[in-house]
Amino acid sequence: MYGMKIGIVCYPTFGGSGVLATELGLGLAKKGHEVHFITYRTPFRLTAFQENVFYHEVSDLNYPLFEYAPYETALASKMVDVVLHEDLDVLHVHYAVPHASVAYMAKKILLQKGKYIPVVTTLHGTDITLVGRDPAMAPVVSFSIDKSDGVTAVSHALKKQTLEAFDISNDIKVIHNFIDLNRFSRQNKEHFKQAIAPNGERIFIHVSNFRKVKRVDDVIKMFALVEKEISATLLMIGDGPDRYKMEALCREMGLCDKIRFLGKQEAVEELLAISDIFVMPSENESFGLAALEAMACQVPVISSNVGGIPEVNIDGVTGYISSVGDIEAMAKNALSILKSEEELTKFRKAALTQAERFSIDYILPQYEDYYAEIIRTTVYA
Ligand code: GMT
């Protein structure tokens, strides 16, 4: 089915689900579909005008009575408006909380107006493993996943976790996250390298939202072990609640001159292009999009072994995986990759080969086929 009109709802902030949703929308638009983003702010990777792409901002209604502005109501109303007036074929919501339940509400309102809209929900991770399974949310999350016309999860591990956490009968299709290999590739950024590692230091990199689940302190502690053995520097990219604590930890450990906190970066691929090892010691990770971005730039990954990470990072091939918190193993594995140029090159090549399996060219058609199937098979109810 070609020329679909697709609504995409996501979080517009720096974060895997928003990045993926935005790249998906842009990719679909390039293929001739009409894409309507419905969010409370312009998604951060939606930077320039592109044909077939439309952006609808959810109103921020701040009445003095409200301690919390009723975002869900405003979002549902915007969904109704856009679906009706743009005559959308399908609504694709990323991150179940609260998007799946809001979409259900919008769908019911639209049905009364004689417009049927199938809803596809993509589960991204913390919407299930952290937020969604909390008893404060679980009944609504479970209900709205079950009421979606189509449900996808970004890894087999997340599908399994969802089925374990919720009593749902809906089928869940696994569509892995993807990468645009034109953007994420190893570019020559020698001048950056000179500035960051003037004495040929090995460059370690961590990219995250600095939340507890990322175990950023493990990045620093494993780096401290590595740095005792070889000359190295660590780039910390991103921002979030734990950043202050991490800066304090670096001071305590006397590592300030070796670790640079660069904050949120738009062109993360330029920093990946000069890096030797990517570190992702997360406590939970449904997929690990940031690791895939690193691998596409030929950076081997040292990670934990949780959730969907082993579907991305192949132990002993594209990097190494170890138990959560095992910083000694992480440091040892990183040093073994860096023991020679030959070894590093071997891992770099394997990382790229694995990243190619997640190319947007291969994954995006899976979404197109899935939309077409859901549009074709869903019955009005
Ligand atoms: O990692 C986060 O806290 C952000 C979160 C999000 O929703 O933006 O990331 C989740 O979705 C990404 C895209 O599908 C996945 O690559 C991440 O692994 C997943 N994070 C977790 O499961 C912790």
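Quantities reported herein were computed from a predicted structural model and do not represent experimental measurements.

A.B. asks: Where do I start with the site of the ligand in this structure?
C.D. replies: Near the ligand lie 18 residues; those nearest to it are Ser17, His124, Lys214, Glu285 and Ser286. Gly16 is positioned with one of its backbone polar atoms (N or O) 2.9 Å from an oxygen atom of the ligand. At 3.1 Å from an oxygen atom of the ligand is found a main-chain nitrogen or oxygen belonging to Phe287. In isolation the ligand has 490 Å² of accessible area, and contact with the protein removes 95% of it. When the residues that make up the shell around the ligand are grouped by side-chain class, the tally is 4 nonpolar, 11 polar and 3 charged.

A.B. asks: Got a minute to help me understand the environment of Pro98 in this structure?
C.D. replies: Summarising the element assignment, Pro98 is placed in helix α3 (residues 96-112). For Pro98 and Tyr71, which are 27 residues apart along the polypeptide, the C-alpha to C-alpha distance reads 9.5 Å. Pro98 has contacts with Tyr11 and Glu72, leaving out every residue within four places of it along the chain.

A.B. asks: Where do I start with helix α13 (residues 327-337) in this structure?
C.D. replies: Every α-helix carries 3.6 residues per turn, so stepping three or four residues along brings you back to the same face. Within α13, the full set of buried residues consists of Ile327, Ala329, Met330, Ala331, Asn333, Ala334 and Ile337. As for α13, its buried residues are in contact with β8 (202-207), α8 (216-229), β11 (277-280), β12 (301-304), β13 (319-322) and α14 (341-356).

A.B. asks: Got a minute to help me understand the domain arrangement of the protein in this structure?
C.D. replies: Note on interface size: it is often stated as the accessible area lost on association of the parts. Structurally, the protein comprises domain 1 (5-178 + 359-379) and domain 2 (190-356). Between domain 1 and domain 2, the C-alpha centre-to-centre distance is 31 Å. Residue-level contacts link 19 residues of domain 1 with 15 residues of domain 2. When domain 1 packs against domain 2, close to 1400 Å² is buried across both sides, 56% of that on carbon and sulfur atoms. At the junction of domain 1 and domain 2, the tally comes to 0 salt bridges. Scanning the region where domain 1 abuts domain 2 turns up 6 residue pairs in polar contact (both at pLDDT 80 or more).

A.B. asks: I keep staring at the sheet that holds strand β4 (residues 90-94) and nothing clicks. Help me out?
C.D. replies: In any sheet, the strands associate via hydrogen bonds between backbone groups, in a parallel or an antiparallel arrangement. Pairing in this open sheet of 7 strands is parallel, and the strands run β3-β2-β1-β4-β5-β6-β7 from one edge to the other. Strands with a single pairing partner mark the edges of an open sheet, and in this sheet they are β3 (53-57) and β7 (173-174). With 2 bridges joining them, strand β6 (residues 150-153) and β7 adopt parallel strand pairing. Paired with Ala153 across the bridge in β7 is Val174. Set on the sheet, helix α15 (residues 360-377) makes contact with β1 (5-9), β4, β5 (119-123), β6 and β7; between it and β6 the angle comes to about 160 degrees.

About the thresholds
Residues numbered from 1 in each chain as written. Predicted model: local features only at pLDDT ≥ 70, side-chain atom pairs only at ≥ 80, totals over all residues. Heavy atoms only, no water. Near = heavy atom within 4 Å. Polar contact = N/O pair within 3.5 Å; in protein donor to acceptor, adjacent residues only side chain to side chain. Areas by Shrake-Rupley, 256 points an atom, 1.4 Å probe, with all protein chains shown as cover. Nonpolar A, V, L, I, M, F, W, Y, C, P; charged D, E, K, R; others polar. Helix = DSSP H or I, 4+ residues; strand = E, 2+ residues; numbered from the N terminus. Contact = heavy atoms within 4.5 Å. Buried < 20%, exposed > 50% of the residue type's maximum accessible area, 1.4 Å probe, protein only. Domains from an automatic or database assignment. Buried area = accessible area lost by both parts, 1.4 Å probe. Salt bridge = Lys/Arg side-chain N within 4 Å of Asp/Glu carboxyl O. Pairing = 2+ DSSP bridges. Axes fitted to C-alpha atoms, helices over the stretch in contact; angles between N-to-C directions.

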